[in-house]
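Listed below, chain by chain, are the residues.
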Amino acid sequence: MKNCNRVTFAIMLLSSIFAMQLFSSCGPSVQLTASWKNNNVRSAPFSKILVMAIGKDLEKRRMGEDNIKLELNKHGLTVATSLDEFGPDFAKMNDSAGMRGILLDKQFDAVLTVRVLNVDEHDRWIPGDVYYGPLGFYRGFYGYYFRVWGYYNQPGYLITDVEVLLESNLYEVSTGELLWSGQSKAFSRNPTPAIARHYAKNIIKDMINKKVIIP
C-alpha cells in the first residue's frame, strides 16, 4: 500500500513539474508596453489599410506584415502589405509627396508601420545546479579553484538576455497625421511566427479597444 502511495505521489509530482514547465514555456514572448491615441482626430472606418514593416531583413519584414494583415482581415478590414503591393524598396522611399500620391492613387486611407527601435543584449551568469556557499573546506585556493571551474562545464552557465523594442504607428494617408502609436517589448532577436502573431494580435486589439480602428 505504501509503495502504491509513493508511486501515485511520484506521478502527481512529475505531472506538476511538467505542467509548470509547459506553462512557463508558453509565457508571452512579446508584450505591448505602452500606447497612445490622438484624441484630436475623430474615429472613422478605413476602407483600405497598408501595412509596412521598415527594416533591412526582408524575411522579418514579410513575417511582420503578413501577420498584421491576417489579424486585420479577421476583423473584416481590407488590407495590403507593402511588399506585395509595391515591392521591398517602397519602404525606403524618402519623397513624402510622391509616396502620398501613390497611396492615394491606390485608394489607401491609412498606413500602419512597424519598426525596431532598439535591441539590447547582455550576458547573465547562471551558476547551474551546483550549490553555492562558502563552505569551510573550500576556503583554500585549490578546493575553490576546482569547484568553481566546474561551473563552466555546466550547460547554461552563461546566457544572453535579449530585449527588442518595437514601435507601431498608424497614420492617416490624406493628412499624414499620426492617429495611434504603440511600443512593444520582445525577448528574441529572431521572431518566430508565433511571436509575430502575438504581436499583431496585441496591437490590433489595442487599436480596436481605443476605437482608432473600427471593424
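Scroll up a little and you will see the structure.
Residues numbered from 1 in each chain as written. Predicted model: local features only at pLDDT ≥ 70, side-chain atom pairs only at ≥ 80, totals over all residues. Heavy atoms only, no water.

### Focus: the layout of surface pockets
Right, so step 1: There is about 540 Å³ of room inside the largest pocket.
Right, so step 2: At the level of elements, strand 2 (49–54), helix 2 (58–74), strand 4 (110–125), strand 5 (158–172) and helix 6 (193–209) are the ones that each hand at least two residues to the lining of the largest pocket.
Right, so step 3: Tallied by class, residues from the lining of the largest pocket come to 14 nonpolar, three polar and six charged.
Right, so step 4: Taken as a whole, the second largest pocket holds about 260 Å³ of empty space.
Right, so step 5: Taken together, 15 residues make up the lining of the second largest pocket; nearest its centre are Ser96, Met99, Arg100, Leu103 and Val111.
Right, so step 6: Among the secondary structure elements, those contributing two or more residues to the lining of the second largest pocket are strand 2, helix 4 (96–105), strand 4 and strand 5.
Right, so step 7: Ranked by residue count, the leading element in the lining of the second largest pocket is helix 4, at four residues.
Right, so step 8: Each residue belonging to the lining of the second largest pocket can be placed in one class, and the counts come to 10 nonpolar, three polar and two charged. (1 Å grid on protein atoms, 1.4 Å probe; cavity = no way out; pocket = protein on both sides within 12 Å on 5 of 7 lines; lining within 4 Å. Points joined across faces, edges and corners; volume = space filled by probe spheres on them. Helix = DSSP H or I, 4+ residues; strand = E, 2+ residues; numbered from the N terminus. Nonpolar A, V, L, I, M, F, W, Y, C, P; charged D, E, K, R; others polar.)

### A short note on helix 6
Right, so step 1: With 17 residues, helix 6 extends 24 Å from end C-alpha to end C-alpha; this agrees with the ideal 24 Å at 1.5 Å per step.
Right, so step 2: What helix 6 keeps buried is the set Ile195, Ala196, Tyr199, Ala200, Asn202, Ile203, Ile204, Asp206, Met207 and Ile208. (Expected span 1.5 Å × (residues − 1). Buried < 20%, exposed > 50% of the residue type's maximum accessible area, 1.4 Å probe, protein only.)

### Some details on helix 4
Right, so step 1: Where helix 4 begins, one side-chain oxygen reaches toward the backbone nitrogen of Ala97, 3.3 Å away; that side chain belongs to Asp95.
Right, so step 2: Gln107 sits one or two positions beyond helix 4 and adopts a positive phi of about 65°. (Polar contact = N/O pair within 3.5 Å; in protein donor to acceptor, adjacent residues only side chain to side chain.)

Any functional reading would require information that these geometric values do not contain.
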